[in-house]
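# An overview of the molecular structure
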Amino acid sequence: DIISLDPDRWQPQNQTRTSIFPIPIMKFTSLILFSLLSSTASMVLATPKTTGSAGGAGVHVPVGKDGEGLYTASTKGCFDVIDTATPLVLQEINKQAIRPFGSPAFHIADYGTADAGTSLGLMTNMVQEVRKRVGDDEKEIVLHYEDQLTNEWQSVFNHALGLKSVSDAYGKAISNPYALDNVFVEACGVGFHNQCYASNSIDFGVSFTAMHWLSAFPSSLRGEQYMHAARCPVSPLAEKEQAAQDWKSILQARAKELIPGGRFVCVNFSKNEDGYFLGQTDAGESMWDSFQTAWDQLKEQNLIDEEERLGISFPNYYRTQEEFLECVDDIDDLKVVSIEEKVVRCPYRELYVSGKSGKSAREYAEWFVPTTRTWSHSTFKSALKAHREDKEEVMTQFWGNYMSLVEKNPEAHGMDYVHAYIVFEKKEE
């Protein structure tokens, strides 16, 4: 399926807004549990398997100041991806049995949440659907936000507690689940490659555009023609094997955490049967070609050398449908309910082409390019030699190169999303 936005949903974004859920300090009566790790805890931070003079792979680092919520502000396409998954999630809530044991609350986990802003609307819908399902408007709901230890946790709480308002790509304000009362917010920094929560404790798990990140960086593409495994005619063995190992670990952990009959809806980047993947579909220029052109320009500008030009190896992997399914039979407690692939068109490009954005070519470039920067900046930066003190200046020029490229032909540049939408169920005993 290919999903495009309706340009008529677009509303001007220059209107002054205040949060639609002002929350006084006295309301903060819920327990906020921030699970940090001790130095001896079992935690997978993505680390390079090998090192090189170009500086190594480095851990994925969020862009922007913690608390500002730059990821949500700059990643509007994720709202459309989650909107596409919402009917599937609500359908599964109505199909699953409500637990007859343990906590009287319904526990929802959002794995790889980033700054928690893009999933807020879904969390609100899930809270309402669970309460409708059990016939109890005051049913307690616990929202567990999970991500890596170095995540933007202040931004998570600003969004989750309604201290920072959120709007989607069309200017529509996103409702906040915390305003519904009897909703409790917790956070965990363990990392989704591990078991994050106690066994048989999570009723429903979700994850969006997160589990393509690897737990370790093979970095086998350093020095090669392509910077990402999805671009290679044949998947590089090191990344392919790491991705397979990680995916099995992810599913084993979720199988332990879910209650019997619990669901896990994973919406993850994929490489579909047409060969499409993030930023490279049948619409416009390949984002990856544009990345390469803008990066190569740095050498022409005498800002990087050849080793740095070829020093990029993205530490993530876009699995095929077959790769998503191949290890499930090895996990006794888990089964696949459904899997389908969908392409969600880039909202930035769709709005620009429709004329609804009201932006010039340059304004479009400055609006669109940051959505590609939020998740890739640290990987590009890691290709620069470790001793350099001008890394941010070089990166500023790189993004400037990309914006100039987009400005020349804005209609051709966007970032379509290609995902597998998978529903897992923990088998009932």
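Residues numbered from 1 in each chain as written. Predicted model: local features only at pLDDT ≥ 70, side-chain atom pairs only at ≥ 80, totals over all residues. Heavy atoms only, no water.

A word on the overall build of the chain. Looking only at helices and strands, the chain has eleven helices and eleven strands in total. When contacts within the chain are restricted to residue pairs at least 6 apart in sequence, long-range pairs at least 24 apart make up 85% of them. As displayed, the chain offers around 17,600 Å² of accessible surface, 48% of which is attributable to carbon and sulfur atoms. (Helix = DSSP H or I, 4+ residues; strand = E, 2+ residues; numbered from the N terminus. Contact = heavy atoms within 4.5 Å. Areas by Shrake-Rupley, 256 points an atom, 1.4 Å probe, with all protein chains shown as cover.)

Bringing the nonpolar core into the picture now. The biggest cluster of nonpolar side chains holds 82 residues, and the ones touching the most others in it are M126, F291, W295 and F380. Core analysis: the next-biggest nonpolar cluster, separate from the first, contains 25 residues, M211, L251, F324 and F424 among them. (Core = buried A, V, L, I, M, F, W, Y, C linked by side-chain atoms within 4.5 Å. Buried < 20%, exposed > 50% of the residue type's maximum accessible area, 1.4 Å probe, protein only.)

This next bit is on the confidence of the model for the chain. Here the chain averages 87 in pLDDT, and 84% of its residues register 70 or above. Every residue in residues 6–58 is under pLDDT 50, and counting partners more than four places away or in other chains gives 121 contacts. (pLDDT = per-residue confidence, 0-100.)

Moving on to the pattern of salt bridges. Working definition: two side chains of opposite charge can pair if their charged atoms are close together. Summed over the entire model, instances satisfying the criterion amount to 23 salt bridges. Between K385 and E307 there is a salt bridge, with its nearest N and O atoms 3.3 Å apart. Of this pair, K385 sits in the loop between α10 (361–382) and α11 (391–408) while E307 sits in helix α7 (residues 306–309); the two residues are 78 residues apart in sequence, bridging distant segments of the chain. Residue K385 is classed as buried on the basis of its relative accessible area, which comes to 15%. In the salt-bridge network here, residues are joined through shared partners; they are E92, K95, R263, K335 and E425. (Salt bridge = Lys/Arg side-chain N within 4 Å of Asp/Glu carboxyl O.)

Turning our eyes to something else, we now look at empty space enclosed by the protein. Inspection of the entire model under this criterion finds four cavities of 30 Å³ or more. In this structure, the second largest cavity spans a volume of roughly 50 Å³. In this structure, the second largest cavity is lined by E224, Q225, Y226, M227, Q292, R309, L310, G311 and I312. (1 Å grid on protein atoms, 1.4 Å probe; cavity = no way out; pocket = protein on both sides within 12 Å on 5 of 7 lines; lining within 4 Å. Points joined across faces, edges and corners; volume = space filled by probe spheres on them.)

Note on placement: D147 falls in the loop between β5 (141–146) and α4 (153–160). Buried and unpaired, D147 has no salt bridge, with R254 as the nearest side chain of opposite charge at 12 Å. Side-chain polar atoms of D147 contact the backbone nitrogen of A114, separated by 2.7 Å. Discounting chain neighbours no more than four positions away, the residues touching D147 are G112, T113, A114, W153, C188, G189, V190 and G191. (Lys, Arg positive; Asp, Glu negative; His and termini not counted. Polar contact = N/O pair within 3.5 Å; in protein donor to acceptor, adjacent residues only side chain to side chain.)

Attention now moves to the layout of surface pockets. Considering only enclosed or pocket space, the largest pocket measures out at about 220 Å³ in volume. Forming the walls of the largest pocket are 14 residues, and the residues nearest its centre are D83, G121, N125, K172 and I174. At the level of secondary structure, the elements contributing two or more residues to the lining of the largest pocket comprise α2 (77–95) and α3 (120–134). Broken down by element, the lining of the largest pocket gets its largest block of residues, four residues, from α2.

Turning our attention to helix α5 (residues 237–257). Its 21 residues give α5 an end-to-end C-alpha distance of 30 Å, which sits within 8% of 30 Å, the value for a rise of 1.5 Å per residue. Of the residues making up α5, those classed as buried are E239, Q242, A243, D246, W247, I250, L251, A253, R254, A255 and E257. (Expected span 1.5 Å × (residues − 1).)

Another aspect to go through is unusual backbone geometry. Here D181, not a glycine, exhibits a phi torsion of approximately 70 degrees, which is positive. As for its placement among the helices and strands, D181 is situated in the loop between α4 and β6 (183–188). The backbone of N182 shows a phi angle near 55 degrees, a positive value even though the residue is not glycine. Secondary-structure assignment places N182 in the loop between α4 and β6.

So, about the packing of aromatic side chains. Summed over the entire model, instances satisfying the criterion amount to 30 aromatic pairs. For the ring pair W295 and F398, a centre distance of 5.2 Å and an interplane angle of 80 degrees mean the geometry is edge-to-face. Linking W295 in helix α6 (residues 287–300) with F398 in helix α11, this pair joins segments that are 103 residues apart in sequence. Between the aromatic rings of Y364 and F368, the centroid separation amounts to 5.8 Å while the plane-to-plane angle is 5 degrees, which identifies the pairing as stacked. Of this pair, Y364 and F368 both sit in helix α10, four residues apart, which is roughly one turn of the helix. Overall, the relative accessible area of 0% leaves Y364 in the buried class. Between the NZ or CZ atom of R254 and the centre of the ring of Y111, over which it lies, the distance is 4.2 Å. (Phe/Tyr/Trp six-rings, centres within 6.5 Å; stacked < 30°, edge-to-face > 60°. Lys NZ or Arg CZ within 6 Å of the ring centre and 35° of its normal.)

Below, the discussion takes up a negative patch on the surface. On the surface, E273, D274, E322 and E326 cluster together to form a negatively charged patch. Of note, E322 is situated in helix α8 (residues 321–325). (Patch = residues over 30% accessible without salt bridge, like charges linked within 9 Å, V, L, I, M, F, W, Y side chains within 5 Å. Charge placed at Lys NZ, Arg CZ, Asp CG, Glu CD.)

Positionally, Y197 belongs in the loop between β6 and β7 (202–208). Through-space distance from the C-alpha of Y197 to that of A109 is 9.1 Å; in sequence the pair is 88 residues apart. With sequence-adjacent residues up to four places away left out, Y197 is seen in contact with A109, Y111, H144, Y145, E146, C188, I202 and E257.

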